[in-house]
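So you can see what is in the structure, the chains are spelled out below.
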Amino acid sequence: MHISRWKRSLLEPSGLKDWLHRDLPVRDKLLLILATFDQPVQLADMRTRSEEAGFKIPKRWNISDVLGRSGGLGIRVPSGWELTDTGKNHLRNLGVDSVSPAAMQVAADLRKHLDNVQNVTTRAFVEEAIKCHEAKLYRSAIVMSWVAAVDVLYREVVANHLAAFNAEAQKTNAKWKAAVNEDGLAKMQEADFLDRLVPIGVVGKNVKEELAKALKLRNGCGHPNSLKIGPNMVASHIETLILNVFEQFPA
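In this report, the structure presented in the accompanying data block is examined. (Residues numbered from 1 in each chain as written. Predicted model: local features only at pLDDT ≥ 70, side-chain atom pairs only at ≥ 80, totals over all residues. Heavy atoms only, no water.)

Attention now goes to the overall build of the chain. Scanning the chain for helices and strands turns up 14 helices and two strands. Counting only residues that meet the buried cut, the chain has 48% of its 251 residues in that class. Sequence separation of at least 24 residues holds for 63% of the intrachain contacts in the chain that already meet a minimum separation of 6. Of the roughly 12,700 Å² that the chain leaves accessible, carbon and sulfur atoms contribute 50%. (Helix = DSSP H or I, 4+ residues; strand = E, 2+ residues; numbered from the N terminus. Buried < 20%, exposed > 50% of the residue type's maximum accessible area, 1.4 Å probe, protein only. Contact = heavy atoms within 4.5 Å. Areas by Shrake-Rupley, 256 points an atom, 1.4 Å probe, with all protein chains shown as cover.)

Written out as structure tokens, the structure reads:
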């Protein structure tokens, strides 16, 4: 089974084994075991993973009962037990990961939005951005979330504003070849694309300015340089896109 970067660290000698031998509630130890999986698992899988880490789950532990009373930190789905976003934040509050709960809440919010994203392409971009954020791949998270946002804006223009957009584009560039689909829009520089959205009413001036900042950060993250990126910067970037793009336009 695939194990993400922060989950993999739990399986290192100083990782899961260390946590399981600490004086923690049974519930938290079971949640820690669940945290090493990227998909729902059966109880047998949990027992095996725990033994691999050097800790044998006592037979007296009623795993299903404990997780069932965890208050939604771990839940049972048709294919097994899984750790919820609330459960991930709970473990991070214990110190399992250095990412702040506030930053992880943004990822949780993005996952909630993911449920409403119908377009397959956009959904794939958003899901990859979430995974990058959770794995501390901060530059990748910024780039992928921006790609998802631009994808949404392209489809909004094509669906509802294409004629107005082309007319506005030709005002500033007489050589602009009218776009007929998303690929046509992609031929314009993204900064110019954002500028064209304001006069035709797709976004307001202040929103455009915030998106321009997000684009600048995306460009900084998309090329080799000395720019330092932390979880709070990523959280702010993604939150800006959630509030001003993902939640504003049907996907």
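When strand β1 (residues 74-77) meets strand β2 (residues 80-83), the two strands line up antiparallel, connected through four bridges. For Arg76, the partnering residue across the bridge sits in β2 and is Trp81. Linking β1 back to β2 in an antiparallel pair, the connection comprises two residues. (Pairing = 2+ DSSP bridges.)

Once that is clear, we can look at the environment of Asn181. Its location among the elements puts Asn181 in the loop between α10 (162-172) and α11 (182-185). For Asn181 and Tyr154, which are 27 residues apart along the polypeptide, the C-alpha to C-alpha distance reads 8.3 Å. Within polar-contact distance, the side chain of Asn181 engages the backbone nitrogen of Gly184 at 3.0 Å. (Polar contact = N/O pair within 3.5 Å; in protein donor to acceptor, adjacent residues only side chain to side chain.)

Closest axis-to-axis distance for the helix α12 (residues 190-197)/helix α13 (residues 205-221) pair is 10 Å, and the angle between their directions is 170 degrees. When the interaxial angle is binned, α12 and α13 end up roughly antiparallel. Along the contact surface, α12 presents Glu190, Ala191, Leu194 and Asp195, while α13 presents Lys208, Leu211, Ala212 and Leu215. Class assignment of the residues belonging to the contact of α12 with α13 gives a composition of five nonpolar, no polar and three charged. (Axes fitted to C-alpha atoms, helices over the stretch in contact; angles between N-to-C directions. Parallel < 35°, antiparallel > 145°, perpendicular 65-115°, else oblique. Nonpolar A, V, L, I, M, F, W, Y, C, P; charged D, E, K, R; others polar.)

Functional significance is not addressed by these values, which are geometric in nature.
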